[in-house]
Amino acid sequence: ILNVEQSPQSLHVQEGDSTNFTCSFPSSNFYALHWYRWETAKSPEALFVMTLNGDEKKKGRISATLNTKEGYSYLYIKGSQPEDSATYLCAFGLGAGGTSYGKLTFGQGTILTVHP
Amino acid sequence: DTEVTQTPKHLVMGMTNKKSLKCEQHMGHRAMYWYKQKAKKPPELMFVYSYEKLSINESVPSRFSPECPNSSLLNLHLHALQPEDSALYLCASSRVLKNIQYFGAGTRLSVL
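The sections below set out a description of the structure shown in this document. (Residues numbered from 1 in each chain as written. Chains lettered and ligands numbered in written order. Predicted model: local features only at pLDDT ≥ 70, side-chain atom pairs only at ≥ 80, totals over all residues. Heavy atoms only, no water.)

Points about the overall build of chain A
Thinking step 1. For chain A, the count of helices and strands is 0 helices and 11 strands.
Thinking step 2. N-terminal to C-terminal, the α/β element order of chain A is β-β-β-β-β-β-β-β-β-β-β.
Thinking step 3. Against the globule reference of 13 Å for 116 residues, chain A gives a C-alpha radius of gyration of 14 Å, in line with a compact fold.
Thinking step 4. Here the C-alpha coordinates of chain A stretch approximately 50 × 30 × 20 Å along the principal axes.
Thinking step 5. Among the 116 residues that make up chain A, the fraction classed as buried is 46%.
Thinking step 6. Relative to all contacts within chain A whose residues are 6 or more apart in sequence, the contacts with residues 24 or more apart total 56%.
Thinking step 7. Of the roughly 5700 Å² of accessible surface on chain A, a fraction of 47% belongs to carbon and sulfur atoms.
Thinking step 8. If you average the places of the 9 positive and of the 10 negative side-chain charges in chain A, the two averages end up 6 Å apart. (Helix = DSSP H or I, 4+ residues; strand = E, 2+ residues; numbered from the N terminus. Rg over C-alpha atoms; globule rule 2.2 N^0.38 Å. Buried < 20%, exposed > 50% of the residue type's maximum accessible area, 1.4 Å probe, protein only. Contact = heavy atoms within 4.5 Å. Areas by Shrake-Rupley, 256 points an atom, 1.4 Å probe, with all protein chains shown as cover. Lys, Arg positive; Asp, Glu negative; His and termini not counted. Charge placed at Lys NZ, Arg CZ, Asp CG, Glu CD.)

Side note on the side chain of Thr107(B)
Residues and elements named next belong to chain B.
Thinking step 1. Within the secondary structure, Thr107 sits in strand β11 (residues 107–111).
Thinking step 2. At 2.5 Å, the side chain of Thr107 forms a polar contact with the backbone oxygen of Pro8.
Thinking step 3. Discounting residues that sit within four places of it in the chain, Thr107 has contacts with Gln6, Thr7, Pro8, Lys9, Leu11, Leu21, Ala87, Leu88 and Tyr89. (Polar contact = N/O pair within 3.5 Å; in protein donor to acceptor, adjacent residues only side chain to side chain.)

Quick notes on the sheet that holds strand β1 (residues 4–7) of chain B
Residues and elements named next belong to chain B.
Thinking step 1. Strand order in the open sheet formed by 4 strands is β1-β3-β8-β7, with antiparallel pairing between adjacent strands. With one partner strand each, in any of the chains shown, β1 and β7 (64–70) form the two edges of the open sheet. Strand-to-strand twist in this sheet, taken as the mean axis angle between neighbours without regard to direction, amounts to 20°.
Thinking step 2. Summarising the sheet, β7 and strand β8 (residues 73–79) pair through 5 bridges and their orientation is antiparallel. Counterpart to Phe64 in the pairing with β8 is Leu78. (Pairing = 2+ DSSP bridges. Axes fitted to C-alpha atoms, helices over the stretch in contact; angles between N-to-C directions.)

Considering the interface of chain B and chain A
Thinking step 1. Across the contact, 21 residues belong to chain B and 21 residues belong to chain A.
Thinking step 2. A combined buried area of about 1800 Å² lies between chain B and chain A, and 63% of that area is made up of carbon and sulfur atoms.
Thinking step 3. The largest contributions to the chain B side of the interface with chain A come from Pro42(B), Lys98(B) and Phe103(B), which together make up 37% of the buried area.
Thinking step 4. Across the contact surface, chain B and chain A share 1 salt bridge.
Thinking step 5. Across the salt bridge formed by Glu58(B) and Lys103(A), the nearest N and O atoms sit 2.6 Å from each other.
Thinking step 6. Taken together, the links from chain B to chain A amount to 5 residue pairs in polar contact (both at pLDDT 80 or more).
Thinking step 7. When contributions to the side of chain B that touches chain A are tallied by element, the ones reaching two or more residues are β4 (31–37), β6 (53–57) and β9 (87–94) of chain B.
Thinking step 8. At 3 residues, β4(B) tops the list of elements feeding residues into the side of chain B that touches chain A.
Thinking step 9. Split into classes, the residues belonging to the side of chain B that touches chain A amount to 12 nonpolar, 5 polar and 4 charged. (Buried area = accessible area lost by both parts, 1.4 Å probe. Salt bridge = Lys/Arg side-chain N within 4 Å of Asp/Glu carboxyl O. Nonpolar A, V, L, I, M, F, W, Y, C, P; charged D, E, K, R; others polar.)

Given below as structure tokens:
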């Protein structure tokens with residue numbers, strides 16, 4: 001059973017604050033780390049897919065880093081806005097072939113609430 | 001168009017009913033996925049299709065039967081479900097296996 005952990009479970013911040021969350025995952029058999037944003041009553045939306053150790057990705061005010069050797073990724077949001085309120089999920093893609101090829105294992109998610 | 005469409009949005013069924021969930025994408029993706037999500041839990045993979053062939057079955061009970069009749073369509077046939085099968089069922093697609101996945105909004109299923 002793969003262990004993908006996210007922390008914190010939930011976070012309340014004020015508009016304009018910067019924030020970050022953590023995703024930890026197995027450091028062996030790594031293929032990719034995905035980040036998704038899931039707003040209530042909508043589809044999960046892909047933010048980033050990272051495959052290389054040291055990868056840094058950015059999309060507007062949101063950025064992510066990846067450390068595959070120690071098995072963690074950080075997601076940063078700069079100057080949080082109320083519309084950033086959502087559940088942020090990370091998902092680990094297993095690198096080994098065979099029957100698990102293509103499988104993503106999701107973390108529990110971090111629920112972010114940004115107060116105006 | 002990055003849309004994955006799932007129908008119906010909501011479904012209530014009895015334990016003796018037979019129903020189907022439908023998922024459609026027109027992005028030319030050749031990998032499609034079914035996930036089950038219970039409240040306050042992460043999505044759990046059920047099935048993966050790659051080039052219309054079943055690639056992964058995560059030991060899902062046979063009362064769930066997937067079907068991929070063509071590259072744009074994925075069905076999940078339901079029969080003799082249990083109340084504990086009540087959940088949000090999400091469909092996703094990707095260009096090929098291991099690529100970024102695009103999700104539908106899900107079908108909220110209640111089994112009475």
